[in-house]
Amino acid sequence: MTAAPAEAPPGVDVVRDIGVDLSAQPGMMGHVPAELRPTRPIVGRASEIRQLCEFLGVESERTGGVVLLAGDAGVGKSRLLAELGDLVRERGWRVLIGHCIDFGESALPYLPFSELFGRLAADSPAVADALIEAHPSIRRLMPAARLTADAAVGHGQSVDRAELFEAVHAALEYLARSAPLLLLIEDVHWADQSTREMLSFLFARGFREQVSIAASYRTDDLHRKHPLRTSAAEWSRLPGVDRLQLARLKDADVRRLIQNISSGTLAENDIYSIIERAEGNAFFTEELVGAAQVGKWTLPGDLVDLLLVRIDRLDDATRQIVRASSVAGRRVSHDLLSRVVDLDAGALDSSLRSAVELNVLVAVGDDAYAFRHALLAEAVYDDLLPGERLRLHKAYVAALGSIDIASSAAEIARHAKAAHDLPTALRASIEAGDEAISVGGPDESARHYETALELLGADELADNRDATSDIDPIGLAVKASEAITAAGHPYRAVELLRDQLEHRSDDIADLDHARLLLALATASLLTDGQFDTLEVTTHALQLMPDGDPTPLRAQLLSLHARAHAASGHDAEAARWANDALAISNGLRLHAIVSEATTTLSMIDKRAGDPDASRKALAAIVAAARDEGDVMAELRGLHNLGYIHYEQARLDEAQEVYETAVRRAVQAGRPWAPYGLDARVLAAVTSYIRGDWDSTMRIADVSGQSPPILAESALSSVAMMVRAGRGEDNAEAALGPARAMWDRDGMIAVLSGSAAIDIYGDRGDLDKSIAIHDEIVDEVSRLWQNTLFQARVRLGALMIGQLASASAHASATEREEYAKRADGLLNISLDTFETHARKGRMMGPEGKAWQQRSIAEHLRLRWLASLGGTTEDELIGAWRETVDAFDGMGHVFEAARSKTRLAAVLRAAGDTAEAQPLIDDARATAKRLKSEPLQRELRTLGGPGPRRSSQPRATALTPREREILALVAEGRSNGEIGQQLFISAKTVSVHVSNILSKLGASGRTEAAALARREGLLD
């Protein structure tokens, strides 16, 4: 605090001597009802809060201070001040709040001061009465007094302004004497002249006590003639007055805000769209999230009202300019706008200046204008009348058709369609699609092509042959399907092509029919279980004339080979691929040569020659890159990575997959087939290699706009990491992923296997079993194969959870678990043998999971005391499992297998071999942050069983031997208590004594020690 001046202002001594103890008054600390406080933490404003605290003297030696907080409507000024108020209250400050309100021409003078003194009177009437007694002018600001014509200072008498200003200043000084005071004045852009003058006086006068003032206002309301503009400029030049411009939130902070509001219920594509539209505005973000959660993407009414209120204040000519600009979109050039609106040059310039000064439009570059916010353009456009909108779109079509106006096909297509100029819209849409695909924009290209197909089917064009005679509808449908697939929506491509076939089957030529079937088969090969692709390619070939070596025939032959390969007909696939090569080489069709050669290389791999396949694929990738054939390159990289992966060459697989991902991104096709697949497999490979942080990085789609299928696939891999780490929200992604199970079997396997462990590790075995069975049913139906390879992995995980649960289960439950485990193991063995008979031996990963199934099955029988399992057999099975997972480089599963091998070894008394396994597994669990694995390791205790100084048989009491026998049978404490007519608590005490005397870490180890040392009858 600074010392008081030698001569205090008039009246201050009187106020000092009022004698009211402010600290004892209710509500004087700026109480705000709990229901009015923000419920969510503030996002992205840490640095602004620090600056406010510094300027206002909250965290510095500065005595008081003034901050002018400026920002657009909805950017978060009020929320920031609320957070500031909460922060200073916790530090013992007193907070008073006043708001300015938009009353137009009839604004009440000093309204924010009436509000804050009114709250003071309501919360602390004694303090208010004392202040009024010392300064009667203060009463004139009280809300009750303002409602009457005669104020307290005398009927019909006016209040001296200087006296009122001094009184307010003195009152604030007095209130700050017992605790620092923060005054928050909001929405000063609506302040009347008297309020602005009061603030000018307080800012210039300053305070001796710790009085700080923060005044907020909207920058987008401060047009050139706004009265606050001059006042704010004058205030900023005063000593002790700082100005803080509240910028829009960064994208990362908007994302956090969305996640806080939506509780993780929105897909990344929706989040991305909201971030793009909100442009960092907190209020806009909240409104858009609310709309998205109820499935609406139109602007909410409250948001529209806020946006349009500024438009209503414009004059007619300016409003006309703004409405015409909204039809252009976010941005419009001066030249184009001048040709659309019916204004002369002078009126146009005047209206544009007004729109810019009123912060509706902003100048962009030398010759264009843009809306201050994209949502404002949306709101204005949506507010247009249908006839007005139609006329403006027609005007834009005419203007854009001029040779001296720069335009794009996409612009012309949009305006022409809205203007009902369908022939122009059709051709422009096709041209726009071609332009978009040429620059790596498959999403935009797909939209334009689909629009063109829609227009082509309109009655107006269907009856006008001359308008469409030069357009190839089949070629357009094929281009649309290719663009849709490249954008990551193969299922949509299949639906589009099937629709085209259904509606064109009656009047379509054989070759056109074959072209559509070719496109349908191409798309369907990239989906799971839609229908028989081989049947489609067979039909297409039957439509082709005999012996015609055309590019279309070569394409069909190559695709027919791929369909045969996908069905497991390798000999047939090789024959058709070679036929395709014969034609393609003669016609120099490089893309088809690459495709057919890739098919042959994968057949060679399955035939047992992976080295030859790797060399062939490396050559294909190099050639495709030279030719600029991105899809051929991606397919080659995907298959090359898979060969490395199957051979457990994980470092090489990781490198190839990440190369494919980079190439897909560079080509503008991050979600296209093979590019997306490579990203998913890169994440899976990182998971297996034990680089879980990289897995999460690769799977993170924040700031991107993935199709829902792509997001589900990547989140399923991330879910495996969360399951391994035992995170509380590990199953959060299960719901969205589950919605994709009927479309993509890999998503079902990845997310479902994670869910088996999530629920099993939490002790919810019923859910774990239900998830396993649901995955098997869905994938079997989808892949039309009940013995798919992933059943081995799923079965091993499920048997493992059954085994772990059996240690604490009842005898009846253990029998049920054993029966289920027997069935799962038999299916695993059948699956393995079936694939072997087909010449498709499983690689290191499949063999490791097969061995794990066997080991887990033996562990279950051992833990459940079901007999038929020797310690040597059990140890041998787990040693082979550890070797298998170590050999394939699966870090986590190797550590989990070592943990279970160590438990068996300890129970057998072989602590020398067990301890290094435990140490190694513990180091891995710690590095991976795997809480479930660390929890399992903790059950193994210290270095090993302690040896009793006396024989174990004599160390146990008869009752303990009796209980030990029941423990060895797998009975629970409750079951033992019922049999022996004692409480479960007493049984627990006896079991603890038994474990201590035997030096065992758990019931299973105690039972094993008892059997080995003959302590059981």
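Everything numeric here is computed off the predicted structure, so don't read it as measured data.

Peer 1: How should the nonpolar core be read in this particular structure?
Peer 2: Across soluble globular proteins, nonpolar side chains show a tendency to be buried alongside one another. Counting residues in hydrophobic clusters, the biggest one holds 115 residues, and the most contacted among them are Val-680, Trp-741, Ile-771, Ile-775 and Leu-802. At 10 residues, helix H36 (residues 708–725) tops the list of elements feeding residues into this core. With sequence-adjacent residues up to four places away left out, Trp-741 is seen in contact with Leu-734, Ile-747, Ala-748, Ser-751, Gly-752, Ile-771, Glu-774, Ile-775, Glu-778 and Leu-782. Core analysis: the second largest hydrophobic core is formed by 62 residues, Leu-426, Leu-518, Ala-554 and Ile-603 among them.

Peer 1: Where do I start with the pairing of strand S3 (residues 181–186) in this structure?
Peer 2: The side chains of a regular strand alternate, first on one face of the sheet and then on the other. Within S3, 6 of the 6 residues are buried, which leaves the element mostly enclosed by the surrounding structure. Note: strand S2 (residues 94–99) against S3, 6 bridges, orientation parallel. Residue pairing for S3: Gly-98 is matched across the bridge by Ile-185. The sheet contact formed by S3 and strand S4 (residues 211–218) spans 5 bridges and is parallel. Bridging from a neighbouring strand, Leu-184 pairs with Ala-214 of S4.

Peer 1: What is the right way to read the sheet that holds S2 from this model?
Peer 2: The strands making up a sheet associate through backbone hydrogen bonding, with each pair oriented either parallel or antiparallel. The strand order S2-S3-S4-S1-S5 describes an open sheet built from 5 strands, whose pairing is parallel. Every interior strand has two partners, whereas the edge strands, S2 and strand S5 (241–245), have only one. Strand-to-strand, the axes of this sheet are offset by a mean angle of 15°, without reference to chain direction. As paired strands, strand S1 (residues 65–71) and S4 are joined by 7 bridges and run parallel to one another. If you follow Leu-69 over to S4, its bridge partner there is Ser-216. The strands touched by helix H2 (residues 46–55) are S1 and S5; relative to S5, the strand with the most contacts, the crossing angle is about 170°.

Peer 1: Explain helix H10 (residues 251–262) here, please?
Peer 2: Counting along an α-helix, one turn takes 3.6 residues, and residues three or four places apart therefore face a common direction. With 12 residues, H10 ought to run about 16 Å at 1.5 Å a step, and its terminal C-alpha atoms sit 16 Å apart, in line with that. Turning to H10, its buried residues number three or more, namely Asp-253, Val-254, Arg-255, Leu-257, Ile-258, Ile-261 and Ser-262.

Peer 1: Before we go on, may I ask you to explain unusual backbone geometry in this structure?
Peer 2: In terms of backbone geometry, most residues other than glycine have negative phi values and most peptide bonds are trans. Positive phi, normally seen in glycine, also occurs at Glu-279, with a value near 50°. On the secondary structure map, Glu-279 appears in the loop between helix H11 (268–278) and helix H12 (282–293). For Glu-279, a relative accessible area of 19% puts it in the buried group. The phi torsion at Tyr-674 lies on the positive side, around 75°, for a residue other than glycine. Mapped onto the secondary structure, Tyr-674 falls in the loop between helix H33 (650–666) and helix H34 (675–689). Judged by relative accessible area, which is 12%, Tyr-674 ranks as buried.

Peer 1: Would you mind showing me how to read the pattern of salt bridges here?
Peer 2: Where charged atoms from two side chains of opposite charge come close, those side chains can pair. Under the defined criterion, the tally for this structure stands at 51 salt bridges. The partner of Lys-417 in a salt bridge is Glu-454, with the nearest N and O atoms 3.7 Å apart. Residue Lys-417 is located in helix H19 (residues 409–418), and its partner Glu-454 is located in helix H21 (residues 442–456); the two are separated by 37 residues in the primary sequence. Taking relative accessible area as the criterion, Lys-417 reaches 32% and is therefore assigned partly exposed. Here Arg-689 ties to Asp-651 by a salt bridge, and the two come within 3.0 Å at their closest N and O atoms.

Peer 1: What is the right way to look at the side chain of Thr-537 in this model?
Peer 2: Checked against the element boundaries, Thr-537 lands in helix H27 (residues 533–542). Among the polar contacts made by the side chain of Thr-537, one reaches the main-chain carbonyl oxygen of Leu-534 at a distance of 3.0 Å. Side chain to side chain, Thr-537 and His-560 meet in a polar contact 2.7 Å long. Leaving out residues up to four positions away in the same chain, Thr-537 has contacts with Ala-521, Leu-559, His-560 and Ala-563.

Peer 1: I would appreciate a short explanation of the pairing of S4 in the present structure.
Peer 2: Burial runs high along S4: 8 of the 8 residues are buried. With helix H8 (residues 193–205) bridging S3 and the parallel S4, this β-α-β connection has right-handed handedness.

Peer 1: Teacher, can you tell me more about a negative patch on the surface here?
Peer 2: Negative charge collects at one region of the surface, where Asp-766, Glu-813, Glu-815 and Glu-816 lie side by side. In terms of residue count, the dominant contributor to the negative patch is helix H41 (residues 811–837) (3 residues).

Peer 1: Can you help me understand H41 in this one?
Peer 2: The terminal C-alpha atoms of H41, which comprises 27 residues, lie 39 Å apart, in line with the 39 Å expected from a rise of 1.5 Å per residue. All buried positions along H41 are accounted for by Arg-814, Tyr-817, Ala-818, Ala-821, Leu-824, Leu-825, Ser-828, Thr-831, Phe-832, Thr-834 and His-835.

Peer 1: What is the right way to look at the environment of Ser-992 in this model?
Peer 2: Here Ser-992 lies in helix H50 (residues 984–998). With 485 residues separating them along the chain, Ser-992 and Asp-507 place their C-alpha atoms 84 Å apart.

Peer 1: Explanation requested: empty space enclosed by the protein in the structure shown.
Peer 2: Over the atoms, a rolled probe matching the size of one water molecule traces out where space is still vacant. If you walk through the whole model with that rule in mind, you get 4 cavities of 30 Å³ or more. In this structure, the largest cavity spans a volume of roughly 160 Å³. In terms of lining, the largest cavity is formed by 13 residues, of which the most central are Asp-220, Phe-284, Leu-307, Arg-310 and His-373. Here the residues of the lining of the largest cavity sort into 5 nonpolar, 3 polar and 5 charged.

Peer 1: Even after reading the chapter, I still don't get the packing of helix H32 (residues 630–646) against H33, so can you show me in this structure?
Peer 2: Describing two packed helices takes the angle between their axes plus the distance from one axis to the other. Put simply, H32 and H33 touch, their axes get as near as 8 Å, and they point 165° apart. With respect to H33, the axis of H32 lies roughly antiparallel. Once H32 is placed against H33, the crossing between them reads as left-handed. Packed against H32, whose contacting residues are Val-630, Glu-633, Leu-634, Leu-637, His-638, Leu-640, Gly-641, Tyr-642, His-644 and Tyr-645, the element H33 presents Leu-650, Glu-652, Ala-653, Val-656, Tyr-657, Thr-659, Ala-660, Arg-663 and Ala-664 at the interface.

Peer 1: Looking at this structure, I do not really get the sheet that holds strand S7 (residues 361–364). What am I missing?
Peer 2: In space, the 3 strands of this open sheet follow the order S6-S8-S7, with antiparallel pairing throughout. Edge positions in the sheet fall to strand S6 (331–333) and S7, since each of these pairs with one other strand and no more. Recorded for the sheet is a direction-independent mean angle of 30° between the axes of neighbouring strands. As judged from the 4 bridges shared by S7 and strand S8 (residues 368–371), these two strands associate in the antiparallel manner. Among the inter-strand pairings, Val-362 is bridged to a residue of S8, identified as Ala-370.

Peer 1: What's the story with the packing of aromatic side chains in this structure? I'm lost.
Peer 2: Two measures describe an aromatic ring pair: the distance that separates the ring centres and the angle between the ring planes. Within this structure, the stated rule accounts for 8 aromatic pairs. Ring centres 5.1 Å apart and planes at 80° place the aromatic pair Trp-849 and Phe-885 in the edge-to-face group. Of the two residues, Trp-849 sits in helix H42 (residues 844–863) while Phe-885 sits in helix H43 (residues 871–888), which places them 36 residues apart along the sequence. Like Trp-849, the residue Phe-885 is buried in the burial classification. One aromatic cluster is present, built from ring pairs that chain together Tyr-110, Phe-165 and Phe-201.

Peer 1: Explanation requested: the confidence of the model for the protein chain in the structure shown.
Peer 2: Close reading of the predicted structure is inappropriate where its pLDDT is low. For the protein chain, per-residue confidence averages 86 on the pLDDT scale, and residues scoring 70 or more make up 91% of the total. Across residues 1–37 the pLDDT falls below 50, and counting only partners more than four positions away or on other chains, this stretch makes 64 contacts in the model. Across residues 147–157, where pLDDT falls below 50, the model places 6 contacts with residues more than four positions away in sequence or in other chains.

Criteria and thresholds
- Residues take numbers from 1 onward in each chain, read along the sequence in its written order.
- Local features in this predicted model are restricted to residues of pLDDT 70 or higher, and side-chain atom pairs are both shown and tallied only at a pLDDT of 80 or more, whereas totals for entire chains, interfaces and linings draw on every residue.
- With hydrogens and water excluded, all non-hydrogen atoms of the structure serve as input to the side-chain values.
- Here, nonpolar core refers to any group of buried Ala, Val, Leu, Ile, Met, Phe, Trp, Tyr and Cys residues whose side-chain atoms link them within 4.5 Å.
- Burial status follows relative accessibility: with a 1.4 Å probe on protein chains alone, a residue under 20% of its type maximum counts as buried, one over 50% as exposed, and anything between as partly exposed.
- Helical segments are the DSSP runs of H or I of at least four residues, strand segments are the runs of E of at least two, and each set is numbered from the N terminus.
- In this description, contact between two residues means that some pair of their heavy atoms is separated by no more than 4.5 Å.
- Pairing between strands is defined by DSSP: at least two bridges between them are needed.
- Fitting a line to C-alpha atoms yields each axis, with helices limited to the stretch in contact; the angle taken between N-to-C directions then spans 0 to 180 degrees.
- How far a helix is expected to stretch is found by multiplying one less than its residue total by 1.5 Å.
- A pairing counts as a salt bridge when a side-chain nitrogen of Lys or Arg comes within 4 Å of a carboxyl oxygen of Asp or Glu.
- Polar contact criterion, stated in full: a pair of N or O atoms within 3.5 Å, where within protein one must be able to donate a hydrogen and the other to accept it, and residues adjacent in sequence count only if both atoms are side-chain atoms.
- Seen with its strands pointing away from the viewer, a crossover is right-handed if its path from the first strand over the helix to the second goes clockwise.
- Residues forming no salt bridge and having over 30% relative accessible area are the ones grouped into patches, like charges within 9 Å of each other and nonpolar side chains (Val, Leu, Ile, Met, Phe, Trp, Tyr) within 5 Å.
- A 1.4 Å probe and the Shrake-Rupley method give the accessible areas. Residues count as covered only by the protein chains that appear here.
- By the counting rule applied here, Lys and Arg register as positive and Asp and Glu as negative, while His and the ends of each chain are not counted.
- In this description, the location of a charge corresponds to atom NZ of lysine, CZ of arginine, CG of aspartate or CD of glutamate.
- In this analysis the probe radius is 1.4 Å and the grid spacing 1 Å, with only protein atoms considered; a cavity is a set of points the probe fits into but cannot get out of, a pocket is an open set with protein on both sides within 12 Å along at least five of seven lines, and lining residues have an atom within 4 Å of a point.
- Grid points are joined across faces, edges and corners, and a volume is the space filled by probe spheres set on the points.
- Gly falls in the polar group here, along with every residue not listed as nonpolar (Ala, Val, Leu, Ile, Met, Phe, Trp, Tyr, Cys, Pro) or charged (Asp, Glu, Lys, Arg).
- With respect to orientation, any angle under 35 degrees is reported as roughly parallel, any angle over 145 as roughly antiparallel, any angle of 65 to 115 as roughly perpendicular, and every other angle as oblique.
- In a left-handed crossing the near helix is turned counterclockwise from the far helix by less than a right angle, and in a right-handed crossing that turn is clockwise.
- Each aromatic pair joins two rings of Phe, Tyr and Trp (for Trp, the six-membered one) with centres within 6.5 Å, and gets the label stacked for planes under 30 degrees apart, edge-to-face for over 60, and tilted for any other angle.
- pLDDT measures the predictor's confidence residue by residue and takes values from 0 up to 100.

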